[in-house]
Amino acid sequence: MTTLTIDGLEALLGRLGLKIPIPHFLAADVLNKPLDIGRSYLADILCSLVESDTVNAYGSVTLPSDIYNGDLAVILPKLQHGADPNVLAFDLMQRVWHFSLMSLYPCPLFALPFPEGVHLRIMFMPQMLGRLLFPYINDRKDSYGRDVSLGLLNTSSPELGRKKLVVEFSSPNIASEFQGKHLRSTILGAYISNLYVTMGWDVVKINYLGDWGKPIGLLGVGWEKFGSEELFQTDPAGHLFNVYHKINDLFIPEQLASKKARDDGKDPAEIETQGLFAERNAFFKRMEYGDETAMALWKRVRDVNVENYTELYARLNVNFDEYSGESQVNPETMAEVEETLKSKGLCEESGGSWIIDLKKHTGKAGAVIIRDRTGSSTYLLRDLAAVLDRARKHSFDKMIYVTAADQHTTHFSRLFRILELMDMSDLASKLQHVHFSDVSQMSKKLGHGHMLGEILDQCQSAMQGSLNANPEKAGLLGNTEEAVASIGISALLAQELSARRANDHAFDISQMTSFEPGTGPDLQYWYAKLCSILKTNPAQMDFSDAEFASLKDEDHTSLLRLLVQYPDVTFSAYKSLESATVMTYLVNITGQLSLCFRESEVGTSLTPAQAMLYAATRIVLENGMKLLGITPAAKCASSSSSVVLIC
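First, a word on scope: everything that follows refers to the structure included in this document. (Residues numbered from 1 in each chain as written. Predicted model: local features only at pLDDT ≥ 70, side-chain atom pairs only at ≥ 80, totals over all residues. Heavy atoms only, no water.)

### Let's talk about empty space enclosed by the protein
A probe matching the size of a water molecule, rolled over the atoms, marks out where space remains unfilled. Under the criterion given, the structure shown has five cavities of 30 Å³ or more. Approximately 120 Å³ is the volume found for the largest cavity. Forming the boundary of the largest cavity are 15 residues, of which S176, F241, N305, Y309 and M451 lie nearest the centre. Only α10 (236–263) and α13 (292–315) provide two or more residues apiece to the lining of the largest cavity. Among the elements that line the lining of the largest cavity, the one with the most residues is α13, at four residues. For the lining of the largest cavity, the class distribution of residues is 11 nonpolar, three polar and one charged. (1 Å grid on protein atoms, 1.4 Å probe; cavity = no way out; pocket = protein on both sides within 12 Å on 5 of 7 lines; lining within 4 Å. Points joined across faces, edges and corners; volume = space filled by probe spheres on them. Helix = DSSP H or I, 4+ residues; strand = E, 2+ residues; numbered from the N terminus. Nonpolar A, V, L, I, M, F, W, Y, C, P; charged D, E, K, R; others polar.)

### Points about helix α6 (residues 126–140)
Quick reminder: α-helices carry 3.6 residues per turn. Residues three or four places apart thus point the same way. In this model α6 runs 21 Å from its N-terminal to its C-terminal C-alpha over 15 residues, within 8% of the 21 Å that 1.5 Å per residue would give. By the criterion of burial, α6 is predominantly enclosed, with 12 of the 15 residues buried. Among all positions in α6, only M128, L129, G130, R131, L132, L133, F134, P135, Y136, I137, N138 and R140 are buried. Of the surrounding elements, those touching the buried residues of α6 are α1 (6–15), α2 (34–49), α25 (554–563) and α28 (608–627). (Expected span 1.5 Å × (residues − 1). Buried < 20%, exposed > 50% of the residue type's maximum accessible area, 1.4 Å probe, protein only. Contact = heavy atoms within 4.5 Å.)

### Regarding the pairing of strand β4 (residues 119–122)
Working note: regular strand, side chains alternate between the two faces of the sheet. Where strand β2 (residues 72–75) lies against β4, four bridges are found, and the strand directions are antiparallel. Residue A73 lies in a different strand from β4, and its bridge partner there is R121. Summarising the sheet, strand β3 (residues 114–116) and β4 pair through three bridges and their orientation is antiparallel. Counterpart to P115 in the pairing with β4 is L120. The loop that links β3 with its antiparallel partner β4 comprises two residues; one of these, G117, has a positive phi angle of about 65 degrees. (Pairing = 2+ DSSP bridges.)

### Topic: the packing of helix α8 (residues 214–226) against helix α12 (residues 275–288)
Put simply, α8 and α12 touch, their axes get as near as 8 Å, and they point 105 degrees apart. Between α8 and α12, the angle is such that the two are roughly perpendicular. Of the residues in α12, those in contact with K214, I216, G217, L218, G220, V221, E224 and K225 of α8 are L276, E279, R280, N281, F283, F284, R286 and M287. In terms of residue class, the contact of α8 with α12 is built from seven nonpolar, three polar and six charged. (Axes fitted to C-alpha atoms, helices over the stretch in contact; angles between N-to-C directions. Parallel < 35°, antiparallel > 145°, perpendicular 65-115°, else oblique.)

### A word on the sheet that holds strand β9 (residues 353–357)
Pairing is antiparallel in the open sheet, where three strands are placed in the order β8-β9-β10. Each edge of the open sheet carries a strand with a single partner, namely β8 (348–350) and β10 (367–371). Pairwise comparison of adjacent strand axes, ignoring direction, gives a mean angle of 50 degrees for this sheet. Across three bridges, β8 lies against β9 in antiparallel orientation. Across the sheet, residue S350 finds its bridge partner in β9, namely S353.

### Comments concerning the packing of aromatic side chains
Scanning the model with the defined rule gives 25 aromatic pairs in all. Aromatic pair Y525 and W526: ring centres 5.3 Å apart, planes at 70 degrees, arrangement edge-to-face. Across the pair, W526 and Y525 agree in class, each one buried. You can call W526 buried: its relative accessible area is 9%. Within the aromatic cluster, the residues linked to one another by ring pairs are F169, F178, Y309, Y313, F320 and Y323. The lysine or arginine in question, R140, covers the ring of Y136, its NZ or CZ lying 3.6 Å from the ring centre. Residue placement shows K473 over the ring face of Y525; its charged tip is 4.7 Å from the ring centre. (Phe/Tyr/Trp six-rings, centres within 6.5 Å; stacked < 30°, edge-to-face > 60°. Lys NZ or Arg CZ within 6 Å of the ring centre and 35° of its normal.)

### Digging into the pattern of salt bridges
Counting across every chain of the model gives 30 salt bridges. The shortest N-O distance in the salt bridge between K19 and D44 comes to 2.7 Å. Pair noted here: K19 is in the loop between α1 and α2 and D44 is in helix α2, with a separation of 25 residues, a long-range link. Residue class for K19 comes out partly exposed when judged on its relative accessible area of 49%. Across the pair R371 and E338 runs a salt bridge, and its minimum N-O distance is 2.9 Å. Placement of R371 in strand β10 and of E338 in helix α14 (residues 331–343) is noted, with a sequence separation of 33 residues between them. By relative accessible area, E338 is classed as buried at 12%. Connected via shared salt-bridge partners are D36, R39 and D568. (Salt bridge = Lys/Arg side-chain N within 4 Å of Asp/Glu carboxyl O.)

If you want it as structure tokens, here you go:
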């Protein structure tokens, strides 16, 4: 009988000497989080020792900041409101010691607690934890750390189906360079998508390309001046990129002149109605009116970029369900949005443009343009219409935009507020902007004018050098072109995912491709090392309680105590959407592994308990890496293979 059911789990707990049934608490999820088993038994003990209702008792049990502060901690002021923490701790300790002296300690899962400030800290008994955790992880394998119930429309009626999430991320402008913010959006967006899939949601990934608007109009002007069919046929994406940079270099002085006029309090209209401003606007108007030549060029540009990006994203282990874009927004939906804005008195004409005066309608300063003085639609109008189009197409329960915290921060808050003003508060409440720092070192490190393919090639080249400098690790990981590419991508992903979203976008190819702790290559190395060890020491045998003694040293015990936390870590990441939560945890795992192996002799065989500990660690490490989008590169059998374990 496996631990995948309550009956099976309670059968195991009964064999371990714990009372059954498991104490029931509404907030506990014992089939997905092994720590909730401990929380439930501990909260039950607390209810028997002090006057506290079940909600307060369970809610007072928390996960400490690190394993050195215990496996669980009771926040005494939450356990009994108004009580003096010191007095309460003393009273609890006296009662616990009394039970201990009479050999009536209420739960063999825990060692005796110890007070510290406002906390009562509790450690698991290592042998008991191992006997519970090994079958728990082995039964779940790649589902350990998942909770698919979070994605159900109704947990009481699973047949009603899953919630749907739309994630918009990456979203580069097809006319210009792939910037650091696009790279980070791509990696974070893919991670968030993986996270929601792990938690049972139906996820639709959309790449909302900047494939419309005046930047495309400028590229059109550039093509007419500098475009070459011969060069296009040789390198379509590269040639279009060069054309855009040539025309943009000519356009920059006009943009600066327009900005200076605005800064001086003058009307920039005279500047913006001639030169490249006028040519750009005219080309874009031709696109909006369906001019055959303009649209033919636009289609070539879009098709080339979608094909190019699809191949490059695949190298990052990223794929999209839709390549959408501003060009795909339904004109009828835009007209509907404009009509709604006008009928509700939200939109007014000003200087030839149609605007929404936010000061008048929201009390916050500012005005946004819906149609400019040339009659062209704006990004905001297209985005408003895109929300309606997606809501009708996907009937989503939530939509997340993953973009940099630059001008988009204001853009999305205004977008959501305007939807509310349009009496679409229910739709607006389903939208979330997950933003990150737009400060990037990528341009500083690589120079301007880079494309995604060049970035990935540089990572792969640096990874090859790092493997050449570490022949022992190269031998374990493999030094083939495929392995180098995979490990190089993991280096890039790990660096991006290690930083909290609010932190600046570091970009150091030399550091990321090293085997320093915390890097992608280091994760790959430890995963490969576990695979290698388990190949010669398979965890496929029964072992006695006495054999658990080989895990009694602090290093092995600490690793065991980390493994039990993984489902809580993924749940925390699900709530915060911070990839650094998972990455930091995996770094702690590999750091603890290094301590476990520091005194081991090469070729030393493992005890059965140690082999099972490392098998469980491999499962957790693989699950965490895949959640982050990092594909294990090691040449070994998958950790999803069965392990025969009888406890």
